Amino acid sequence: MPPKRKSGSESDRPSKKRKSSNTEVVWPQYFHDVRLQLCPLTLLFKAIQLFKVFKALNTVLAFVSSRKHLATSFNTIRASVESLLKRPLDLENVAAIKSLCPELVKFAYVPRNEILVQDALQPSKEPSFQIGDYSSASSERKEDHILILEFMEKSSGKKAENPTQSLTAPPALTPAAMKKLVEKRNEKFSKAVDELITATADGEDPAVLLKAAAREHIPINPSDPTTWPSFEIPSPTNRPSIDSVLSDITGEEWYAQHIVERRTIEAKVGQTGTLDSPLSDTIANALQTSRSISSLYTHQTAALNAINAGKHVIVSTSTASGKSVIYQVPVLQFLEANPHSTAMFVYPTKALAQDQRAALEQLLACCPGLEHLQVKTYDGDTPREARAGIRETASDMLHAAILPFEDGWRTFLKNLKIFAVDELHYYSGALGSHVAQITRRFRRVLAALGNTSAIFVSCSATISRPSAHMQRIFGIDSSDVEVVTEDGAPSGIKDMVIWNAPANDDRPISSISEATNLMKFLMKRGVRVILFCKFRKVCELAMKSLRLELTKEGRLDILERVRSYRGGYSQEDRRRIEHDAFTGHLLGIVATNALELGVDIGVLDGVIMLGFPGSIASFRQQAGRAGRRARDSLAILVAECLPVDQYYVNNPQELFEGKMDDLVVDLDNKILLEAHLQCAAHEMPICDADTEFFGPLMKELCQTRLRVDSDDWYHTHPKFLPYPSKHVFIRGIQEERYTVVDITSLSDRSGGGSMYILEEVEISRALFEIYEGGVFIHQGLTYIIKEISHDSKVAKVVRADINWITAPRDFTNVDAIQTYRIKEIKKSPHLAFYGRIDIQVIVFGYYKIRNNTILDTVSLDSEPWEHETTGFWMDLPAPTLELLRSKNFKPAAAIHSAEHGLLNQFILSDVKTECKAIEKENKLEESARKRPARLIFYDAVGSGGGVCTRAFDNVHELLCKAEQAIGACACDFGCTKCIHSARCKEKNEVSSKLGALLVIRGLLGIDVDPDSIPGQDAEEGHDTIVAPLGVGAMTGVKVERDT
């Protein structure tokens, strides 16, 4: 069968069915360097014999190696080779040799910095496709690349002087060793020719096949647009099917059974419904004109019928099922009946608010009589001078800017007909608990203004119990809520794939490389794809990898259509990326979960998730971003080598069929409730009747925490005035930020230039990302941090083409400082403690890293970052610690896993623990930094606190749930249902399932038979745990009995 051709740089030397090994191999003249008398002179000059070219290259490269030249660029050796050949050296011949011996020959353009790392600190000249033209110099930048020609075979000899250089000549050789190396390479070439000829089918010319393959290996100079080949990217309508793309992937030579699970979700035909009261011609025409909607799906009609009947509604259906129509159409109906009607839409993110604003504007523009209405967002990016005139839409500024100033909104609120909350599943945990109290405050204000007819509408992705969640968020009786879960929208066929790279003992598998290689493969075939990354830094590293690889391949046509998108970017940059995505200009997006929600970024054909996204709900939400227009689509989970990911690799049914956890909203948290009562009392004094909104705990808190007047009205405590809402941070305390400023153009010798703000970085991230000499990555471009002012919180950076990154050397201590409360653990002789906790983060240096290899270790003299918070802790009983050691358990692993076991039982997520790092635990030298045998938990810095108080009050219940979950879990070494946490910053690498069970049973006072516990195999490292010391308590603290 004919060889399988591949596009771009993915081709390899041609492959044919091999002939019998007994057949004598006869070389065609193209490969010879002897018997020249048999070849006419004209033929010799048209196709100089390849073996002669190879031997000349081999001789020169070996000679260069023996003279210890730094690098073998094509220009360096060309003249010497041509003097041996007595004719010019053609690129086509070198490309043919590369095609024939791909493992031996490196023939490609590379950035100059990859040859001499020391040059990397010079200002960059790489074309960056930067968002916006931020300096006059940016348009003049051109990348400086060098054409490298090397033989990459390892050889013995004197070690290179600079082992950190990625592209240097082989070690210096003696004359005898050089001769031996030359002969060995000549033999390799001869063998490669023999293999090609014997594998060539009868009737075909191996020289013709090789020349065809060689065209794929002619280097492309990224600095010279005239050398760029013309590529054609299939349009969205002409791209190949997903099934054929997957078939192509499995046919690639690099494919090694990476796909461990493939599920196909069949296409579904849309089901249309009928409205009880038909839409007016005006609205029907507007839907047809603006969105090509001529009929409504069954879930849309069911929701609209319920709204027209005056019922509240929650719609929980799949992504891209047209849920926004459900709350936008009623607004048009109310406006037709009364032009003074108002509506308020609440979105969890600015991007989603911007997206829906544009969609509603387009719909209104197509409605005669309503086209004059303006729709604007009201969020943190809204200029202060523009806020006064905006009343049409709102984000969750409701808490901070609307309710505190309700007197300026009264006309609007009296006329409010629809209050819609989109992406309701987003509101859970601490944020959801805050929003639940805010909506109760909002409903209370509406009632006071006489508006009891406003309809509450919410839309959500598929969740486990939508009716219960809406009831908890809005405080509305479930009997008044219409629940719509039957999805009538059509959907195309979707393939769901779990991708797991095979184990490699020689080097760690890079999940980033796996994901970006898949992304490149899809984009070359016209598949529009989004790559989801869990962390901002991973997002930038993935973009950097794409930039490098696409540049090397000369696919700048693709590179200019790829962007990264994450938090920290400026408002202008975010809007530009969203616009480019929506209009179809972008072919690929590398994003954090900022685009997990329903922002319409146009037609997406594929989703790649770099690592398990943290929950099954997030996995399904991200997977749902592909196929938003009923076409075939693809979702790929690229598993990392983390225990959580590997659990789902081995248990794929849990991922595809497992039940999603219930969304949690805590309405009984007294600390949180008190905060919102202070806000509510400022909006309007509170009376006893307001328990209708705030529940039975309200009266106790009002009597003890608020100020009461002679008429029994409750008012805000004076310490929270004048604006109590400023003391309540529903998304956590706003951290201080460092501004990262690009000063590259100021470094130009020409003088002049200007600075450009790249982004802002929260201080909690800046600790680990901003330090002098470190590498900062933005849009996949690398910058060197030159100067930091901690007083003004400004970091100045310079563009640099470098082939390494930096990683901080740091540690975090979480220490209990003072005890506020002591509580007995029910039915146990042991105690739990609650109090003040000190967090100390020290970044004492950084590593320079390339390809998972440390190039250099740099020390820093930086001040520690310290913060105080509250939390609780439990000291490990001495007999339990002794048992762990006697059975060869690592106490640190057992404690770490036990902490995760309890964290997995917390109803709220804003709690952290001290995670154990494998670098420390497996360190060959004993660490001087010992940690107490203690389970410790603390309120996340910036979370607003209070969560640990609730956990401490229910510590016995948490321990029992954790013990049951770990003991009953069928996994062997741990999973997300027992001891692994998707939030573990140390990747769950230090863990022990059985050890965790022993720790928790010890705290519960459950007897354990030592003989029933198997001994463990000895592990590397030393014991880093010491017996805990007592923590001083406040005066008068007594042990609380758990009854």
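Residues numbered from 1 in each chain as written. Predicted model: local features only at pLDDT ≥ 70, side-chain atom pairs only at ≥ 80, totals over all residues. Heavy atoms only, no water.

As annotated in an unreviewed UniProt entry, the chain carries the name P-loop containing nucleoside triphosphate hydrolase protein and comes from Roridomyces roridus.

Here we look at the overall build of the chain
We count it as follows: Runs of H or I in DSSP of at least four residues are treated as helices and runs of E of at least two as strands, each being numbered from the N terminus. A contact between two residues is defined here by any heavy atoms of the two lying within 4.5 Å. Note on areas: Shrake-Rupley, 1.4 Å probe, and residue coverage restricted to the protein chains presented here.
Tallying secondary structure elements over the chain gives 33 helices and 30 strands in all. Counting contacts in the chain only where the partners sit at least 6 residues apart, residues at least 24 apart contribute 76% of the total. Counting only carbon and sulfur atoms, one obtains 50% of the accessible surface of the chain, whose full area is about 46300 Å².

Things to note about the sheet that holds strand β8 (residues 481-484)
Threshold: The pairing criterion is simple: DSSP has to find at least two bridges between the two strands. Helix axes are fitted to C-alpha atoms over the stretch in contact, other axes to C-alpha atoms as well, and angles between N-to-C directions run from 0 to 180 degrees.
Strands sit in the order β5-β6-β7-β4-β8 across an open sheet of five strands; the sheet is parallel. Only two strands of the sheet have a single partner each, and these edge strands are β5 (342-346) and β8. Recorded for the sheet is a direction-independent mean angle of 15° between the axes of neighbouring strands. Where strand β6 (residues 416-421) lies against strand β7 (residues 455-460), four bridges are found, and the strand directions are parallel. When the bridges of β7 are listed, valine 421 appears paired with serine 458. Each of β4 (312-316), β6, β7 and β8 touches helix α16 (residues 466-474); the most contacted strand, β4, lies at about 130° to it.

Some remarks on the sheet that holds strand β3 (residues 259-265)
A sheet is described by the order of its strands in space; here seven strands give the open sequence β3-β9-β14-β13-β10-β12-β11, paired in mixed fashion. In the strand order of this sheet, the two ends are held by β3 and β11 (562-565), each with one partner. For this sheet, the mean inter-axis angle between neighbouring strands, taken without regard to orientation, is 15°. Across four bridges, β11 lies against strand β12 (residues 588-591) in parallel orientation. The residue of β12 that forms the bridge with arginine 563 is isoleucine 589.

Some thoughts on the pairing of strand β18 (residues 756-762)
Put simply, the rule reads: Classification of residues uses two cut-offs on accessible area relative to the type maximum, computed with a 1.4 Å probe and protein chains only: under 20% is buried, over 50% is exposed, and between them is partly exposed.
Where burial is concerned, most of β18 is hidden: five out of the seven residues are buried. Pairing analysis gives six bridges linking strand β17 (residues 737-742) to β18, with the strands arranged antiparallel. Opposite threonine 739, over in β18, you have glutamate 760 as the bridge partner.

Quick look at helix α10 (residues 324-337)
The cut-off we apply is this: By this rule, a helix spans an expected 1.5 Å times one less than how many residues it contains.
Spanning 14 residues, α10 covers 21 Å between terminal C-alpha atoms, matching the ideal 20 Å at 1.5 Å per step. Where burial is concerned, most of α10 is hidden: ten out of the 14 residues are buried. Within α10, the full set of buried residues consists of Ser324, Val325, Ile326, Tyr327, Gln328, Val329, Pro330, Val331, Leu332 and Leu335.

Quick word on the packing of helix α29 (residues 891-903) against helix α33 (residues 993-1004)
Short version of the rule: Note that the term roughly parallel is reserved for angles under 35 degrees, roughly antiparallel for angles over 145, roughly perpendicular for angles of 65 to 115, and oblique for everything else. Note on residue categories: nonpolar means Ala, Val, Leu, Ile, Met, Phe, Trp, Tyr, Cys or Pro, charged means Asp, Glu, Lys or Arg, and polar means any other residue, Gly included.
One can describe the packing of α29 onto α33 by two numbers: an axis separation of 7 Å at closest approach and a directional angle of 70°. Our classification of the angle between α29 and α33 gives roughly perpendicular. Two secondary-structure elements touch here, α29 through Ala894, Ile895, Ser897, Ala898 and Leu902 and α33 through Gly995, Ala996, Val999 and Ile1000. Residues that form the contact of α29 with α33 fall into these classes: seven nonpolar, two polar and no charged.

Things to note about the side chain of arginine 443
Relative to the helices and strands, arginine 443 is located in helix α15 (residues 429-448). The residues contacting arginine 443, other than those within four sequence positions of it, are Phe456, Phe474, Gly475, Ile476 and Phe693.

Topic: the pattern of salt bridges
For clarity, the threshold we go by: A side-chain nitrogen of Lys or Arg and a carboxyl oxygen of Asp or Glu constitute a salt bridge if their distance falls within 4 Å.
Using the criterion set out here, one finds 38 salt bridges in the structure. Salt-bridge contacts for arginine 566 lead to glutamate 540; the nearest nitrogen and oxygen are separated by 2.8 Å. With arginine 566 in the loop between β11 and α20 (571-582) and glutamate 540 in helix α18 (residues 536-552), the pair connects residues that are 26 residues apart, well separated along the chain. Neither arginine 566 nor glutamate 540 differs from the other in exposure class; each is buried.

Points about helix α7 (residues 242-251)
Using the following cut-off: Relevant arc is that of directions from the helix axis to the C-beta atoms, nothing else.
What α7 keeps buried is the set Ile242, Val245, Leu246 and Ile249. The buried residues of α7 occupy an angular sector of 95° when projected down its axis, which confines them to one face.

Looking at the environment of leucine 959
Note that leucine 959 resides in helix α32 (residues 955-968). Linking leucine 959 and glutamine 905, residues 54 residues apart in sequence, is a C-alpha distance of 8.6 Å. If we skip the residues at most four places from it in the chain, leucine 959 touches Ile825, Met874, Leu902, Ile1000, Leu1003 and Leu1004.

Concerning the packing of aromatic side chains
This is how it is decided: The pairing test for Phe, Tyr and Trp rings, Trp by its six-membered ring, is centres within 6.5 Å, and the orientation test on the planes gives stacked under 30 degrees, edge-to-face over 60, and tilted for anything in between.
Counted by the stated rule, this structure contains 25 aromatic pairs. A centroid spacing of 6.1 Å and a plane angle of 80° characterise the contact between tryptophan 254 and phenylalanine 521, whose relative ring orientation is edge-to-face. Of the two residues, tryptophan 254 sits in the loop between α7 and β3 while phenylalanine 521 sits in helix α17 (residues 511-524), which places them 267 residues apart along the sequence. Under the relative-accessibility criterion, tryptophan 254 is labelled partly exposed at 39%. Residue class for phenylalanine 521 comes out buried when judged on its relative accessible area of 1%. Ring geometry for phenylalanine 405 versus tyrosine 723: centroids 5.7 Å apart, planes at 50°, classification tilted.

Brief notes about the nonpolar core
Heads up, the condition is: Definition of nonpolar core: a set of buried residues of the types Ala, Val, Leu, Ile, Met, Phe, Trp, Tyr and Cys, connected through side-chain atoms within 4.5 Å.
In terms of nonpolar packing, the biggest core is built from 73 residues, with Phe872, Met874, Phe906, Phe937 and Leu959 touching the most fellow members. For this core, the leading source of residues is α33, giving seven residues. For phenylalanine 937, the residues in contact, after removing those within four places along its chain, are Ile837, Gly871, Phe872, Met874, Glu899, Leu902, Leu903, Phe906, Val911, Lys912, Thr913 and Cys948. One finds Ile259, Leu522, Leu546 and Leu610 within the second-largest nonpolar core, a separate group that totals 43 residues.

As for the environment of glycine 1005
Along the chain, glycine 1005 turns up in the loop between α33 and β29 (1025-1026). In this structure the C-alpha to C-alpha distance between glycine 1005 and histidine 830, which are 175 residues apart in sequence, comes to 7.4 Å. Apart from residues lying up to four places away in sequence, glycine 1005 is in contact with Ser828 and Pro829.

Remarks on the pairing of strand β9 (residues 494-499)
By the criterion of burial, β9 is predominantly enclosed, with six of the six residues buried. Of the two faces of β9, the one carrying Lys494, Met496 and Ile498 and the one carrying Asp495, Val497 and Trp499 are both buried. Two elements, β3 and β9, share six bridges in a ladder whose sense is antiparallel. Paired with threonine 264 across the strands is aspartate 495, a residue of β9. With six bridges joining them, β9 and strand β14 (residues 633-638) adopt parallel strand pairing. Note that in β14 the partner of lysine 494 across the bridge is serine 633.

Notes on the environment of methionine 698
Topologically, methionine 698 is positioned in helix α26 (residues 698-705). With 21 residues separating them in the primary sequence, methionine 698 and leucine 677 have C-alpha atoms 7.8 Å apart. Contact partners of methionine 698, with chain neighbours within four places excluded, come to Leu673, Leu677, Ile686, Cys687, Asp688, Asp690 and Thr691.

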